[in-house]
Amino acid sequence: METIEFEHPVARSILTRLRALNTSSDEFNRLTYRLGFMLAVEATRNMGTLPLPVETPMEETLGEKCIEYPVLLPVMRAGLGLLAPFQELLPESPVAFIAMRRDEMTGEAELLYDSVQNLRGRDIMILDPMLATAGTALSVIDYVLEKGAKKIILISIVAAPEGIYKLRKYSNLTFITVSIDRELDKNWFILPGLGDFGDRLYRGE
Ligand code: PRP
Ligand code: URA
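Predicted model, so just to flag it, every value in this text is computed and none were measured.

### Section: the site of ligand 1
- For ligand 1, the set of nearby residues contains 15 residues, the closest of which are Arg-77, Asp-128, Ala-132, Thr-133 and Thr-136.
- The separation between an oxygen atom of ligand 1 and a polar side-chain atom of Arg-77 is 2.8 Å.
- Contact with the protein chains removes 91% of the 500 Å² of surface that ligand 1 exposes when unbound.
- When contributions to the shell around ligand 1 are tallied by element, the ones reaching two or more residues are β5 (98–102), β8 (130–131) and α4 (135–146).

### Details of the sheet that holds strand β10 (residues 158–159)
- A sheet is described by the order of its strands in space; here 3 strands give the open sequence β8-β10-β12, paired in parallel fashion. Both edges of this open sheet fall to β8 and β12 (179–180), since each of them pairs with a single strand only.
- As paired strands, β8 and β10 are joined by 2 bridges and run parallel to one another. Bridging from a neighbouring strand, Leu-131 pairs with Ala-159 of β10.

### A closer look at the packing of helix α1 (residues 9–19) against helix α2 (residues 25–43)
- Running from N to C, α1 and α2 point in directions that differ by 155°, and their axes come no closer than 10 Å. Judged on the interaxial angle alone, α2 and α1 are roughly antiparallel. Viewed along their axes, α1 and α2 form a crossing whose handedness is left-handed. Residue-level contacts link Val-10, Ala-11, Ile-14, Arg-17 and Leu-18 of α1 to Glu-27, Phe-28, Leu-31, Thr-32, Arg-34, Leu-35 and Met-38 of α2.
- For the contact of α1 with α2, the class distribution of residues is 8 nonpolar, 1 polar and 3 charged.

The rules behind each value
For every chain, the first residue of the written sequence is number 1, and numbering continues from 1 along that sequence. Here the convention is simple: chains get letters from A, ligands get numbers from 1, in the order in which they are written. Local features in this predicted model are restricted to residues of pLDDT 70 or higher, and side-chain atom pairs are both shown and tallied only at a pLDDT of 80 or more, whereas totals for entire chains, interfaces and linings draw on every residue. The basis for every side-chain value is the complete set of heavy atoms in the structure, and neither hydrogens nor water enter the calculation. In this text, near means that some heavy atom of the residue lies within 4 Å of the molecule or strand in question. Identification of polar contacts relies on pairs of N or O atoms within 3.5 Å, with a donor-acceptor requirement for protein atoms, meaning one able to donate a hydrogen and the other able to accept it, and with residues adjacent in sequence counted only if both atoms are side-chain atoms. Only the protein chains shown count as cover for residues, and the accessible areas themselves come from Shrake-Rupley with a 1.4 Å probe. Each helix is a run of DSSP H or I of at least 4 residues and each strand a run of E of at least 2, with the numbering of both proceeding from the N terminus. When DSSP finds at least two bridges between two strands, those strands are taken to pair. To obtain each axis, a line is fitted to C-alpha atoms, and for helices this fit is confined to the stretch in contact; angles are then taken between N-to-C directions over 0 to 180 degrees. Roughly parallel refers to an angle under 35 degrees, roughly antiparallel to one over 145, roughly perpendicular to one between 65 and 115, and oblique to any angle outside these ranges. Less than a right angle of anticlockwise turn of the near helix away from the far helix marks a crossing as left-handed, whereas a clockwise turn marks it as right-handed. The criterion used for residue contact is that any of the two residues' heavy atoms lie within 4.5 Å. Residue polarity is assigned by list, with Asp, Glu, Lys and Arg as charged and Ala, Val, Leu, Ile, Met, Phe, Trp, Tyr, Cys and Pro as nonpolar; anything else, Gly included, falls into the polar class.

Printed below as a string of structure tokens:
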């Protein structure tokens, strides 16, 4: 597993506003979009391209075109906040959905719904802004591996060291996050964290 802590002053400044207690849902949504777009740029850094000749107004030159668009898999609910910015950059990518619920007493994740088809030979980007115990991520990664996924990129915004440690067993996984935070509290919430991402995005209680 490769871990990338996305180092960028604008990303750090957006994350600070996401963390702030008094940031409204409306602003939280807009900030998530902006940061999601930056993460999409980072996540596609090594995408394959083919040479493509192009006629400019001045002369012919050799350009490139992207190939092998990854499948986007937002983990509902919170991962839905990252879908629009990833689609903005990758409109050709197919989208599959998976819904997971984490039991906040045990930290165990339960699969509620999925629309994942055969992924044989496909690269996949799993979108989930929070990695806490990694219970959710482990279930989703095992699930897409069973469906044949080739290369997996897991995109998060805030991650706990305890969760990252559990991801180390996957050789074909790249994990991208904006911040590796300090630790989990006794209810499996990330400290300092930003609270419940899904609730803040969707005005939940
Ligand atoms: C949150 C978050 C992750 C998960 C991370 O989802 O979006 O999916 O917790 O925690 P873990 O690493 O301990 O599994 P939650 O189950 O709260 O659902 P939500 O997205 O609907 O808020
Ligand atoms: N899920 C969240 O939304 N926040 C946390 O701190 C942990 C899991």
